[in-house]
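Descriptive structure summary
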Amino acid sequence: MSADEDYVYDEDSGEWMPASELAAKQAAANRVEVRDAVGNVLSDGDQVTLIKDLDVKGAGQTLKQGTLIKSIRLTGDQQEIDCKYPGIKGLVLRAEFVKKR
């Protein structure tokens, strides 16, 4: 925080605070926490393992239990993660079916 930083009014707390502090507070409030099947918090870039066999609709194949999915991306939804897997485009998995590695 610098001495010449602008202060803004935070309507939630009713206080004046530095603009950078308010922006950080709002970003944290908008962040969705995604948890895997056993309760571990997931983040972008994590590797996950499937905990059960999953039929992939539209791809005509089944991903087997224990399959490693590398470098996931969070979607902003509490239960969905975006994944890349060879041969399947646009794979979205539910967090309840994966375990963080």
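Below: a short report on this structure. (Residues numbered from 1 in each chain as written. Predicted model: local features only at pLDDT ≥ 70, side-chain atom pairs only at ≥ 80, totals over all residues. Heavy atoms only, no water.)

Bringing the overall build of the protein chain into the picture now. Helices and strands together make up the secondary structure of the protein chain, namely one helix and twelve strands. What you see in the protein chain, going N to C, is helices and strands ordered as β-β-α-β-β-β-β-β-β-β-β-β-β. Against the 2.2 N^0.38 benchmark of 13 Å for 101 residues, the protein chain shows a C-alpha radius of gyration of 19 Å, more extended than a compact globule. Taken along its principal axes, the extent of the C-alpha atoms in the protein chain is 60 × 25 × 20 Å. Split into buried and exposed, the 101 residues of the protein chain put 26% on the buried side. Within the protein chain, counting contacts between residues at least 6 apart in sequence, those at least 24 apart form 43% of the total. Per element, the accessible surface of the protein chain, about 7,000 Å² overall, is 45% carbon and sulfur. (Helix = DSSP H or I, 4+ residues; strand = E, 2+ residues; numbered from the N terminus. Rg over C-alpha atoms; globule rule 2.2 N^0.38 Å. Buried < 20%, exposed > 50% of the residue type's maximum accessible area, 1.4 Å probe, protein only. Contact = heavy atoms within 4.5 Å. Areas by Shrake-Rupley, 256 points an atom, 1.4 Å probe, with all protein chains shown as cover.)

Time to look at the sheet that holds strand β11 (residues 88–94). Strand order across the open sheet formed by three strands is β9-β10-β11, with antiparallel pairing between neighbours. The open sheet has two edge strands, β9 (73–74) and β11, and neither has a second partner. Strand direction decides the pairing type here: β9 and strand β10 (residues 80–85), joined by two bridges, are antiparallel. Paired with Arg-73 across the strands is Asp-82, a residue of β10. (Pairing = 2+ DSSP bridges.)

Let us now look at the pattern of salt bridges. Taken as a whole, this structure holds five salt bridges when the rule is applied. With its nearest N and O atoms 2.9 Å apart, the salt bridge here joins Arg-35 to Glu-33. Assessed through its relative accessible area of 44%, Glu-33 is described here as partly exposed. (Salt bridge = Lys/Arg side-chain N within 4 Å of Asp/Glu carboxyl O.)

Turning our eyes to something else, we now look at the environment of Leu-74. With respect to the helices, strands and loops of the structure, Leu-74 is situated in strand β9. Among the residues examined, Leu-74 registers a relative accessible area of 28% and is labelled partly exposed. On a C-alpha basis, the gap between Leu-74 and Asp-44 in space is 5.8 Å, while along the polypeptide they are 30 residues apart. Residues contacting Leu-74, with those up to four places away along its chain left out, are Val-34, Leu-42, Ser-43, Asp-44 and Ile-81.

The backbone of Ser-71 shows a phi angle near 55 degrees, a positive value even though the residue is not glycine. Relative to the helices and strands, Ser-71 resides in the loop between β8 (68–69) and β9.

With that settled, consider the nonpolar core. Of all hydrophobic cores here, the largest spans 16 residues; its most connected members are Leu-42, Ile-81 and Leu-93. For this core, the secondary-structure elements that each account for two or more residues are β5 (48–50), β6 (54–56), β10 and β11. Broken down by element, this core gets its largest block of residues, three residues, from β11. Those residues within four positions of Leu-42 in sequence are excluded, and the remaining contacts are Val-34, Arg-35, Asp-36, Val-48, Ile-72, Leu-74, Ile-81, Ala-95, Val-98 and Lys-100. (Core = buried A, V, L, I, M, F, W, Y, C linked by side-chain atoms within 4.5 Å.)

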